[in-house]
Amino acid sequence: MTHPLQEDQIFETARAWKAEGCKVALATVINTWGSSPRPVGSQLAVDDTGRMAGSVSGGCIEGAVIHEAREIMDSGVPKTLHFGIADETAWEVGLACGGKVDVFVERLDG
Amino acid sequence: MTPEIAERVARGRAEKEPIALVTRLADGGQCVVTAGTVEGSLALGDAELAEVRHRIDHNNSGLIGDEEAGDEAGDESRLFVHVHTPPLRLLVVGAVHIAQALVPMAALAGYAVHVIDPRRAFATDDRFPNVTMTTEWPDDALPALKADRRTAIVTLTHDPKLDDPALLEALKSDAFYIGALGSKRTHAKRWDRLKEEGVGEASFARINGPIGLNIGALTPAEIAVSILGQITATLRADRIKT
C-alpha cells in the first residue's frame, strides 16, 4: 500500500519523476538544533513542473528550499542551506519554532 | 546524485538491505556503503568507514567529520551519512474489522504491513486491498516472516486457537512490540494457558494486554488509533520526557 503521505517513498517518488523526463532536486535535512520539526534524513523532492513530495520543516522553509532547488536542478551544483534564528535571513525565512536546520540540496541525475 | 549512485540506493532500498549514502557536502561527492561493500567515487578513510557502518547498525543518520573546523566553512568539509534501513513492519494476526482500520493507518505511519489469517472468509482482497496477506496458520507464517527488532506483532482474533500459537512465536522473536486484543479477564486466562506452555512471567510481560493506550476507544478505528499510539510510544520510548 502506498500513499502520498508515506514518508518512506520520497526517494522513489523523485526517481519516478526523473524517469518521466523531469528535472528533479532532492533536499535532505542534514543537521538540526533545538526544536526543529523534522528529523535528520527527512527529504523534500521537487521537480521542474512544480510537484513536491515530503518535507524538511513544518512548512516554514519549504518556499526558500524550493527556490534554491529550482536553480540547483539547472546548475547541478549541490548546496548546503542554513536556516534558523541565528541566521541573518531569520526574519524572512526562519523557523517559527526557534530551531535551526541545515538542508543539503542536490540534483537527481538518475 | 549520479545515475549509478541513485540506482544503487534504489536497489538497496528495494531489496531491504541496510545501506548508507555518504555525501561530501563540499562538492556532492558520494558513495554507497553496505556491510561489506563501498561503491562510488567518494573515497573514505578506515576510521570514516567504521563510523559509517556503526551508524548503519544504529540507524543513525547524521554528519561526521571535523566538528572543530569552524562553522560555515567547517560544514562544507564534512560528510553526511544518510542511513536507509528496511521499513518498520507490522504483522497483524486476524483479518478482523479492527485490522481493516489498523492496516491503512499503520501503512501511513510507514509500516510495511502483513496480515495473517487462515480463515479465508476474513482474509480476502476485498476487505484488505493492496496488503500482503497470508492464509497459513500463525505458527507456520510467523517464523517465515522473521520478526526482528523493527517489527511489531499484534493478535486481534479473540480466538486462542489462533492468538496463542501466534503469541508463542512472537515471544521467541526480537519484535519491539507485541500486543494482544482482549479484556483484562481474557488476558488473565491467556496467562494461565501460556504458563502451561512454558512461558515465564518476564516473557509474558512483553505482551501488551489489553492492547492499546487507554483513550476510551470504542469503534474499530478508535481502537486502531489506540494500538498504533501504543506501538509508537514503544518505538519512540527514548523520546518521551517524563
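Each residue is numbered by its place in its chain's sequence as written, counting from 1. The lettering of chains begins at A and the numbering of ligands begins at 1, in the order of writing. A pLDDT threshold of at least 70 governs which residues receive local features in this predicted model, and a stricter bar of 80 or more applies before side-chain atom pairs are shown or counted, although totals over entire chains, interfaces and linings include all residues. The basis for the side-chain values is all heavy atoms of the structure; hydrogens and waters are excluded.

1. Some words on the interface of chain A and chain B
For interface size, the figure often reported is the accessible area lost on association. For clarity, the cut-off: Residues count as neighbours in contact if any of their non-hydrogen atoms are within 4.5 Å of one another. A carboxyl oxygen of Asp or Glu within 4 Å of a side-chain nitrogen of Lys or Arg is what we treat as a salt bridge. Secondary structure elements are taken from DSSP: a helix is a run of H or I of four residues or more, a strand is a run of E of two residues or more, and numbering for both begins at the N terminus.
Every contact between the two is made by 27 residues of chain A and, on the other side, 28 residues of chain B. Taken together, chain A and chain B are joined by 2 salt bridges. With a shortest N-O distance of 2.7 Å, Arg13 of chain B and Glu12 of chain A are connected by a salt bridge. Counting residues per element, the ones that place at least two in the side of chain A that touches chain B are α1 (10-19), β1 (24-33), β4 (79-84) and β5 (100-108) of chain A.

2. Quick word on the packing of helix α5 (residues 138-145) of chain B against helix α6 (residues 160-172) of chain B
All names here are of chain B. Selection criterion: Axis lines are fitted to C-alpha atoms, over the contacting stretch for helices. Their N-to-C directions set the angle, which ranges from 0 to 180 degrees. These descriptions rest on fixed angle ranges, namely under 35 degrees for roughly parallel, over 145 for roughly antiparallel, 65 to 115 for roughly perpendicular, and the rest for oblique. Here is the rule for handedness: rotate from the far helix to the near one, and if that takes an anticlockwise turn smaller than a right angle the crossing is left-handed, while a clockwise turn gives right-handed. Under this grouping Gly is polar, as are all residues other than the nonpolar Ala, Val, Leu, Ile, Met, Phe, Trp, Tyr, Cys and Pro and the charged Asp, Glu, Lys and Arg.
One can describe the packing of α5 onto α6 by two numbers: an axis separation of 8 Å at closest approach and a directional angle of 25 degrees. Viewed along their axes, α5 and α6 adopt a mutual orientation that is roughly parallel. Note that α5 runs across α6; the crossing there is right-handed. Of the residues in α6, those touching α5 at Pro138, Asp139, Leu142 and Pro143 are Leu162, Pro165, Ala166 and Glu169. The class makeup of the residues in the contact of α5 with α6 is 6 nonpolar, no polar and 2 charged.

3. A word on the pattern of salt bridges
One pass over the structure, following the stated rule, counts 16 salt bridges over all chains. One salt bridge connects Arg119 of chain B with Asp117 of chain B, and the closest N-O pair in it is separated by 2.8 Å. Where salt bridges share partners, they join Glu20, Asp47 and Arg51 of chain A into one cluster.

4. Structural notes on the pairing of strand β5 (residues 79-84) of chain B
Taken residue by residue, a regular strand's side chains alternate between the two faces of the sheet. Residue and element names in this part refer to chain B. The test is simple: Only protein chains enter the accessibility calculation, which uses a 1.4 Å probe. A residue is then buried if its area is under 20% of the maximum for its type, exposed if over 50%, and partly exposed in between. Following DSSP output, two strands are said to pair if at least two bridges run between them.
Counting buried residues in β5 gives 6 out of 6 residues, a clear majority hidden from the surface. The alternating pattern of β5 places Leu79, Val81 and Val83 on one face and Phe80, His82 and His84 on the opposite face, and all of these are buried. With 6 bridges connecting them, strand β1 (residues 19-24) and β5 associate as antiparallel partners. Across the sheet, the residue bridging to Ile19 is His84, located in β5. Inspection of the sheet shows strand β4 (residues 62-64) paired to β5 by 3 bridges, in the antiparallel sense. The partner of Leu63 across the bridge, within β5, is Phe80.

5. A word on the domain arrangement of chain B
What counts here: The domain boundaries here were taken from an automatic or database domain assignment.
Domain annotation of chain B identifies domain 1 (3-84) and domain 2 (89-239). On a C-alpha basis, the centroid separation for the pair domain 1 of chain B and domain 2 of chain B is 36 Å.

6. Focus on the environment of Thr134 of chain B
All names here are of chain B. With respect to the helices and strands, Thr134 occurs in strand β8 (residues 132-134). With a relative accessible area of 14%, Thr134 lands in the buried category. Sequence separation between Thr134 and Glu17 is 117 residues, and the spatial gap between their C-alpha atoms is 23 Å.

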